[in-house]
Amino acid sequence: MRRLVLILLTLSLLPLMAVAGNGVPKKSVILDGLDIDSMRVRLDETDMQPLEGIWYYPNEEMTLGIERYRGKHNIGYRIILLDSPDINVMPGTVIGYIATSAVDSKYQLWLYSQRDKLTLKKPLECVATLNKDATTFTFDPPRWKVKVRLNVARFLPTLFRGVSIIPEMTGETLPVGFRKIYPEGGADTPFNRIRYL
């Protein structure tokens, strides 16, 4: 019985243990000399794709750059931290990667989830959506909630099973994401927001 419980718990936790594969590096790297101004220059020198640009992540108050990247297994973009109130993460740190999918507006997104001294580690995967104007890039972070009930007394065992795994539905939440501030919008003004002169 204990072995069965252990196997069931292990199987239910497999999604939590699965870390990004598909060629995403286990640890991030730091690109020297990258900030908002140098990122603008890099972007201006290329034929930008809709996903490329400078983005603002309001949940963490971070400014990020997304640029093309030649990675393994369809990874075509990387996300670079340009500015943040968190002084423990250096500007130029690659905080994630993006891969294209069969649907134009849907992407695989990996964001590093833990610190490792100066770099980051443990990339977690989620699905992201780029809106049709390429002004917002939203995603739902992975959430797992599983309840395991163990009936030790096993009263009426045919009615009340000894072990049961119960998925729990959580309420709907707003997706998190990035808002583009460059190239369009100008002067770090997000799209669709009035600029007062």
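Every value quoted in this text rests on a predicted model; they were computed, and no experiment measured them.

Colleague: Even after reading the chapter, I still don't get the overall build of the chain, so can you show me in this structure?
Modeller: Counting secondary structure elements, the chain contains two helices and 10 strands. The N-to-C order of helical and strand elements in the chain reads α-α-β-β-β-β-β-β-β-β-β-β. Residue burial in the chain is summarised as follows: out of 197 residues, 34% are buried. Partitioning the contacts of the chain with sequence separation of at least 6, the portion at a separation of at least 24 is 48%.

Colleague: I keep staring at the pairing of strand 6 (residues 119–130) and nothing clicks. Help me out?
Modeller: For a regular strand, side chains alternate in direction, first toward one face of the sheet and then toward the other. As paired elements, strand 5 (residues 106–116) and strand 6 share 10 bridges and run antiparallel to each other. Considered in strand 6, the bridge of Leu111 is made with Leu124. Joining the antiparallel neighbours strand 5 and strand 6 is a turn of two residues, in which Lys117 adopts a positive phi near 60°. As judged from the three bridges shared by strand 6 and strand 7 (residues 136–139), these two strands associate in the antiparallel manner. Paired with Leu130 across the two strands is Phe137, which belongs to strand 7. Between the antiparallel neighbours strand 6 and strand 7 lie five residues, among them Ala134 with a positive phi of about 60°.

Colleague: Before we go on, may I ask you to explain the layout of surface pockets in this structure?
Modeller: Empty pockets left among the atoms are what a rolling probe the size of a water molecule brings to light. Its volume calculated, the largest pocket comes out at about 470 Å³. Contributing elements (two or more residues each) for the lining of the largest pocket: strand 5 and strand 6. If you tally residues by element for the lining of the largest pocket, the top one is strand 5, at five residues.

Colleague: Would you mind going over the nonpolar core with me for this structure?
Modeller: Ranked by internal contacts, the top residues of the largest apolar core, which has 40 residues, are Leu51, Ile79, Ile98, Leu109, Phe137, Phe139 and Phe178. Ranked by residues supplied to this core, first place goes to strand 3 (residues 75–83) with six residues. The contacts of Ile79, once residues within four sequence positions are left out, are Leu64, Gly65, Ile66, Thr93, Val94, Ile95, Gly96, Tyr97, Ile98, Leu109, Leu111 and Phe178.

Colleague: How should I be thinking about the packing of aromatic side chains in this particular structure?
Modeller: For any pair of aromatic rings, the description consists of the separation of the ring centres together with the inter-plane angle of the planes. This model, assessed by the stated rule, comprises eight aromatic pairs. When the centroid spacing of 5.8 Å and the interplanar angle of 70° are considered together, the rings of Tyr107 and Phe137 count as edge-to-face. Of this pair, Tyr107 sits in strand 5 while Phe137 sits in strand 7; the two residues are 30 residues apart in sequence, bridging distant segments of the chain. According to the relative accessible area criterion, Tyr107 is buried, its value standing at 10%. Above the face of the Tyr182 ring, Arg40 is positioned so that its terminal group lies 4.8 Å from the ring centre.

Colleague: Which parts of the structure should I look at to understand the environment of Ser28?
Modeller: By secondary structure assignment, the location of Ser28 is in the loop between helix 1 (2–17) and helix 2 (36–44). The class for Ser28 is buried, based on a relative accessible area of 5%. Residues Ser28 and Pro123 lie 95 residues apart in sequence; the distance between their C-alpha atoms is 8.9 Å. Setting aside residues up to four positions removed in sequence, Ser28 forms contacts with Thr93, Val94, Tyr112, Thr119 and Leu120.

Colleague: I keep staring at unusual backbone geometry and nothing clicks. Help me out?
Modeller: The omega torsion across Tyr182 and Pro183 is 25°, close enough to zero to call that bond cis. Phi at Glu61 takes a positive value of approximately 55°, unusual for a residue other than glycine. Note on placement: Glu61 falls in the loop between strand 1 (53–57) and strand 2 (62–68). Glu61 sits in the partly exposed class, given a relative accessible area of 49%. Of note, Ala134 is a non-glycine position whose phi angle comes to about 60°, a positive value.

Colleague: I would appreciate a short explanation of the environment of Asp83 in the present structure.
Modeller: Topologically, Asp83 is positioned in strand 3. Taking relative accessible area as the criterion, Asp83 reaches 41% and is therefore assigned partly exposed. Separated by 48 residues in sequence, Asp83 and Asp35 have C-alpha atoms that sit 7.0 Å apart. Setting aside residues no more than four positions away along its own chain, Asp83 makes contact with Ile36, Glu61, Met62 and Thr63.

Rules used throughout
Every chain's residues receive numbers from 1 upward, in the order its sequence appears when written. For this predicted model, a pLDDT threshold of at least 70 governs which residues receive local features, and a threshold of 80 or more governs which side-chain atom pairs are given and counted, while totals over whole chains, interfaces and linings are taken from all residues. Side-chain numbers come from the whole structure's heavy atoms, not from hydrogens or water. What counts as a helix is a DSSP run of H or I of at least four residues, what counts as a strand is a run of E of at least two, and both are numbered from the N terminus. Only protein chains enter the calculation, and the probe is 1.4 Å; a residue is then buried if its accessible area is under 20% of its type maximum, exposed if over 50%, and partly exposed in between. Only heavy atoms enter the contact rule, under which two residues are in contact if any of them lie within 4.5 Å. Any two strands are treated as partners once DSSP identifies two or more bridges connecting them. In this analysis a 1.4 Å probe is tested at points of a 1 Å grid over the protein atoms alone, and where it fits but cannot get out there is a cavity; an open set with protein on both sides within 12 Å along at least five of seven lines is a pocket; lining residues have an atom within 4 Å of a point. Grid points are joined across faces, edges and corners, and a volume is the space filled by probe spheres set on the points. By convention a nonpolar core is built from buried Ala, Val, Leu, Ile, Met, Phe, Trp, Tyr and Cys residues, the set being connected through side-chain atoms within 4.5 Å. The aromatic pairing rule takes the rings of Phe, Tyr and Trp, using the six-membered ring of Trp, and pairs them if the centres are within 6.5 Å, calling planes under 30 degrees apart stacked, those over 60 edge-to-face and the rest tilted. Counting as a charge over the ring demands two things of the Lys NZ or Arg CZ atom: a distance within 6 Å of the ring centre and an angle within 35 degrees of the ring normal.

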